[in-house]
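Survey of secondary and tertiary structure
Chain residues, written in single-letter form:
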Amino acid sequence: MVENSQVERRLLVCQNRTCRKQGSAKILAAFQAFDTPNIAVEKSGCLGQCGNGPMVLVLPEEIWYSHVHIDKVSAVVEKHLLGGVPVKKMLYS
Ligand code: FES
């Protein structure tokens, strides 16, 4: 179990209206299904990028992912969260 004091990073998945319509609830559940030590996976309110969702934001490095598809969640977890290398093709630009 990860205690709050050990959490170094956070991954936010927008759960506001527009992103929810684009399937963000499933994206949040998919991220939460992975064991990501020291990374808190949390829902967030609107991230101000409506229409590009589901939106995902990784903190504190402020890396944004847009149009996150459920098939790509594992790539973000393995390459970015665990491996430290953001998935360039999925970055929000
Ligand atoms: S509803 Fe997700 S960014 Fe606004």
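Note that the coordinates shown come from a computational prediction; the quantities given were computed from them, not determined experimentally.

Let us look at the overall build of the chain. A tally of regular secondary structure across the chain gives three helices and four strands. Along the chain direction, N to C, the helices and strands of the chain fall in the order β-α-α-β-β-β-α. Rg of the C-alpha trace for the chain: 12 Å, near the compact-globule value of 12 Å for 93 residues, within the 12% margin. Each principal axis of the C-alpha distribution contributes one length, and for the chain these read about 35 × 25 × 20 Å. Within the chain, the fraction of its 93 residues that count as buried is 40%.

Within the element layout of this structure, Gln-15 appears in the loop between β1 (9–14) and α1 (17–21). Note on Gln-15: relative accessible area 12%, which makes it buried. Leaving out residues up to four positions away in the same chain, Gln-15 has contacts with Arg-20, Ser-24, Ala-25, Leu-28, Lys-43 and Ser-44.

The subject of this paragraph is the sheet that holds strand β3 (residues 56–59). Spatially, four strands are ordered β2-β1-β3-β4 in an open sheet, and the strand pairing comes out mixed. Edge strands, defined here as strands with exactly one partner in the open sheet, are β2 (39–44) and β4 (63–65). The mean inter-strand angle of the sheet, taken between neighbouring strand axes irrespective of direction, is 20 degrees. Of the strand pairs in this sheet, β1 and β3 are connected by four bridges, and their pairing is antiparallel. Residue Leu-12 lies in a different strand from β3, and its bridge partner there is Leu-57. Set on the sheet, helix α2 (residues 24–32) makes contact with β1, β2 and β3; between it and β1 the angle comes to about 155 degrees. In the packing of helix α3 (residues 73–82) onto the sheet, the strands contacted are β1, β2, β3 and β4, and the crossing angle to β1 comes to about 150 degrees.

Now for the packing of α2 against α3. To characterise two packed helices, one gives the angle between the axes of the helices and the distance between these axes. At a closest axis distance of 9 Å, the pairing of α2 and α3 adopts a crossing angle of 40 degrees. As judged from the angle between their axes, α2 and α3 are oblique. The two elements α2 and α3 cross, and the hand of that crossing is right-handed. Across the interface between the two elements, Ile-27, Ala-30 and Phe-31 from α2 touch Val-73, Val-76 and Val-77 from α3. Here the contact of α2 with α3 is composed, by residue class, of six nonpolar, no polar and no charged.

Reading the values: the criteria
- Residues numbered from 1 in each chain as written.
- Predicted model: local features only at pLDDT ≥ 70, side-chain atom pairs only at ≥ 80, totals over all residues.
- Heavy atoms only, no water.
- Helix = DSSP H or I, 4+ residues; strand = E, 2+ residues; numbered from the N terminus.
- Rg over C-alpha atoms; globule rule 2.2 N^0.38 Å.
- Buried < 20%, exposed > 50% of the residue type's maximum accessible area, 1.4 Å probe, protein only.
- Contact = heavy atoms within 4.5 Å.
- Pairing = 2+ DSSP bridges.
- Axes fitted to C-alpha atoms, helices over the stretch in contact; angles between N-to-C directions.
- Parallel < 35°, antiparallel > 145°, perpendicular 65-115°, else oblique.
- Left-handed = near helix turned anticlockwise from the far one by under 90°.
- Nonpolar A, V, L, I, M, F, W, Y, C, P; charged D, E, K, R; others polar.

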